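Okay, here's what each chain looks like letter by letter:
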Amino acid sequence: DSNRIADPRLRDRIMDAEAAAARIENGATIGMSGFTGSGYPKAVPLALARRIEAEHAAGRPFQVRIWTGASTGPELDGALAKAGGIEYRLPYNSDPVAREKINAGEMDYVDLHLSQVAPMARQGFLGPLDTAVIEVSGITEDGALIPSSSMGNNKTWLEQARQVILEVNRWQSPALDGMHDIYYGTALPPHRKPIPLVHPDDRIGQRHFRCDPDKIVAVVETDAPDRNAPFSPPDAVAHAIAGHLLDFFAHEVKQGRLPPELLPLQSGVGNVTNAVMLGLIEAPFENLTAYTEVVQDGMLDLMDAGKLRFASATALSLSPEKAQWFNTQADRFRDKLILRPQEISNHPELIRRLGCLAMNGLIEADIYGSVNSTHIMGSRIQNGIGGSGDFARNAYVSIFMSPSVAKGGKISTIVPKVSHTDHIGQDVQVLVTEQGLADLRGLDPKRRAQKIIGTCAHPDFRPALQDYYDRARRTSFGMHAPCLPDEALSWHTRYIQTGSMRP
Ligand code: 0RQ
């Protein structure tokens, strides 16, 4: 199906993945496509991993530096990490093999706000980019690149890289062509101008990437599916969280603080946020929109149910079954879906202007409403901050949600003090667990603490939290946000020592 490569100039650069990977040198910095498990290159990274293993077997060093959009798939992060081939990685990872390497101290990882990656690269803050390896769904006759199922930082990698390797994946639906909107107007200071997007469905850019054909050194044909993780069906805890949140939205509409069609939804990754989308199918809201980072299964279901009018994102993040299904139905979604570069999908200016309702997951929150999204027991990275900071800081209402306990009840996700801070109290306005929803807007620290303990904490941990807080109120150094520094992280210490936070 080589009509996916319509530009005759590029036909003679078609080669296999091994030949393409041979163009990458030890120590190279590579900008890869990929955002969640979609749109990442599926052949060249595997070939590179084999090459690295061979080099290592021959006693020669070989490692590369990898920049992406966000997480990718096992053929990229998994294979390269397993080969011991990644020296440095940014800006987000959820691959379990790479996670182990990072947490063992064998791989450097820089966890960045996803909206900031492309501008930082253009500003020269991250150093030079040697090679871009980008999956596309096709190449037009005049050399324009038809994007695939995620946009991520591809525009910037194509611009910044010295040489470009393309993977043309014919598994991707041809109907994707036209769903993308690539804005080429982002200048650097002092030349920045307002980004002319005022509704989630505005089109402000062009359908295809441009790329200097002289930089394209290899074109590799592939036919392999995106590999996102499957979702588990919502359990009772996820249903309860979704229920509290939907009651809150209904209340806000009644109070006149939200319009009946709500405001553009941002929904984070994971099973709980997916459950909220499914919950919205039954809820009394119509003509919803989403201005978000990823479109998960639940959002497509919400569209199919006629509830969600439109979604803007940077990537599809569908379960394998849903992705196959989407590929046969993509035409139906052409006027309902736009994929944009992550610099635009997550842009603080646009999130603030649109007034997004941000809904993200958390690792733990403390009684004052600071949130840890990334580091278990303060030191073990789970994934990364992703887009949560872009959205939480700039949302109309910033909501964080989680089950109230983790690891079978051994861990309370509500703690005296977070062991790592990603989101400060000011960026956390609503906190939801299956126990209840705490509306923290306008509350001072002491009222926030009482509300979070009484509403969100699990009953098994509530008395201990109350006891800590009561003692802090008697003996704290200051009485604005009472704290016992010696004891504040003792729950984490206990977990590390005994395997449980329970006394
Ligand atoms: O680990 O599977 O090994 O048991 O963390 O937790 O409960 O499955 O929750 O999938 O919603 O993920 C914050 C990680 C939540 C996610 C986080 C353990 C738990 C499990 C996952 P196991 P759950 P979720 C825009 C938004 C940052 C990026 C973001 C995340 C695993 O939401 O990565 O928001 N957010 N992006 O057992 C120890 C605790 C724990 C804990 C959970 N307190 N202590 N382990 N776990 N809480 C989208 C993008 O940026 C792409």
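As the structure is a computational prediction, the values presented were derived from the model and not from experiment. (Residues numbered from 1 in each chain as written. Predicted model: local features only at pLDDT ≥ 70, side-chain atom pairs only at ≥ 80, totals over all residues.)

Draft legend 1. How the structure looks around the site of the ligand. The ligand sits among 27 residues. The nearest are Gly268, Gly270, Gly361, Gly386 and Ser388. For the shell around the ligand, the elements supplying multiple residues, two or more each, are α9 (271–282) and β15 (357–361). Of the residues belonging to the shell around the ligand, the class tally is 11 nonpolar, 13 polar and three charged. (Near = placed C-beta within 6 Å. Helix = DSSP H or I, 4+ residues; strand = E, 2+ residues; numbered from the N terminus. Nonpolar A, V, L, I, M, F, W, Y, C, P; charged D, E, K, R; others polar.)

Draft legend 2. Layout of helix α3 (residues 44–57). Across its 14 residues, α3 extends 20 Å between first and last C-alpha, which sits within 8% of the 20 Å expected from 1.5 Å per residue. Along α3, the residues that are buried comprise Val44, Pro45, Leu46, Ala47, Leu48, Ala49 and Ile52. Buried-residue contacts for α3 involve α2 (17–21), β1 (29–32), α4 (74–82), β5 (131–139), β7 (163–169) and β8 (216–222). Of the residues trailing α3, glycine 59 is marked for its positive phi of about 80°. (Expected span 1.5 Å × (residues − 1). Buried ≥ 20, exposed ≤ 12 C-beta atoms within 10 Å, placed from the backbone. Contact = placed C-beta atoms within 7 Å.)

Draft legend 3. Broad picture of the environment of arginine 162. One can find arginine 162 in the loop between α7 (154–160) and β7. Since 13 C-beta atoms lie within 10 Å of it, arginine 162 is described here as partly exposed. Along the backbone, arginine 162 and methionine 359 are 197 residues apart, and their C-alpha atoms lie at a distance of 38 Å. Not counting the four nearest positions on each side in its chain, arginine 162 is found in contact with Asp130 and Thr131.

Draft legend 4. Main features of the packing of helix α8 (residues 236–254) against α9. Between α8 and α9, whose axes approach to 9 Å, the crossing angle comes to 55°. Classified by the angle their axes make, α8 and α9 are oblique. Between α8 and α9 the crossing geometry is right-handed. Of the residues in α9, those touching α8 at Ala238, His239, Ile241, Ala242, Gly243, Leu245 and Leu246 are Asn271, Val272, Ala275, Val276, Gly279 and Leu280. Residues of the contact of α8 with α9, tallied by class, amount to nine nonpolar, four polar and no charged. (Axes fitted to C-alpha atoms, helices over the stretch in contact; angles between N-to-C directions. Parallel < 35°, antiparallel > 145°, perpendicular 65-115°, else oblique. Left-handed = near helix turned anticlockwise from the far one by under 90°.)

Honestly, that's just the spatial picture; any functional story needs more than this.
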